[in-house]
Amino acid sequence: MGGAALLVGVLSLVHPWVEDGPIAVTVCYPIVGPVQRFNPGLTDTLLPRVRAHEQAHAAQCLRDGAIWHNLRRLAPGGRLKSEAGAYCAEVRLSVATGRNARLAYPSALDELRDETWFHRFTDAELATALNRECPDMAELARGEETKWRDWVNANHAASEQLVDAPHEP
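Described below are features of the structure shown in this document.

Taking 1.5 Å of rise per residue, 21 residues should cover 30 Å, and helix α4 (residues 76-96) covers 30 Å from first to last C-alpha, within 8% of that figure. Downstream of α4 by one or two residues, G98 has phi in the positive range, about 105°.

Judged by nonpolar contacts, the single largest core of 20 residues is most densely connected at L80, V91, Y105, L112, F118, L126 and L130. Listing elements by their share of this core, those giving two or more residues are α4, α5 (101-114), α6 (123-133) and α7 (135-164). Per element, the largest residue contribution to this core is six residues, and it comes from α5. Not counting the four nearest positions on each side in its chain, V91 is found in contact with A104, Y105, A108 and M137.

Where α5 meets α6, the closest approach of the two axes is 10 Å, and the angle between their N-to-C directions is 125°. Between α5 and α6, the crossing angle belongs to the class labelled oblique. For the pair α5 and α6, the sense of crossing is right-handed. In this structure, α5 uses Y105, A108, L109, L112 and R113 to contact α6, whose residues at the interface are D123, L126, A127, L130 and N131. Its residues assigned to classes, the contact of α5 with α6 comprises seven nonpolar, one polar and two charged.

Conventions adopted
Residues numbered from 1 in each chain as written. Predicted model: local features only at pLDDT ≥ 70, side-chain atom pairs only at ≥ 80, totals over all residues. Heavy atoms only, no water. Helix = DSSP H or I, 4+ residues; strand = E, 2+ residues; numbered from the N terminus. Expected span 1.5 Å × (residues − 1). Core = buried A, V, L, I, M, F, W, Y, C linked by side-chain atoms within 4.5 Å. Buried < 20%, exposed > 50% of the residue type's maximum accessible area, 1.4 Å probe, protein only. Contact = heavy atoms within 4.5 Å. Axes fitted to C-alpha atoms, helices over the stretch in contact; angles between N-to-C directions. Parallel < 35°, antiparallel > 145°, perpendicular 65-115°, else oblique. Left-handed = near helix turned anticlockwise from the far one by under 90°. Nonpolar A, V, L, I, M, F, W, Y, C, P; charged D, E, K, R; others polar.

The following block contains the structure:
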């Protein structure tokens, strides 16, 4: 176990801190805990979502400990679980600040799909991972989507009736 701790410590120290790189990163150090860096170019509208995402990673670091947290993220399945939890935090924040879950939840799924680490996973596997970390938001999104589709279908039927109605000259 000592060798694993040393490996995790070294990998954590060589992590790139590039200003033009990722928009944010949370590194989980042994003893120190989570250290976060945010790209200074983040807009005021994007920053709260990114902070929620990175705070989820910080909570994972504190919960799991640095060694387990970093080792788990080396495997694609472990990284997927970690990222799904962080994207769930983004969805929760978006919904709490007034965005519809039916829009926020699929956006998080799209972001997971776009990450290079996850190209080997099917859409169904990504959706399952996000659903496991965020079942309440998944259910809320499905409910909102159903209501929206019902509304669209009802209004579409009403507009067709208007188009098909005889017009007076």
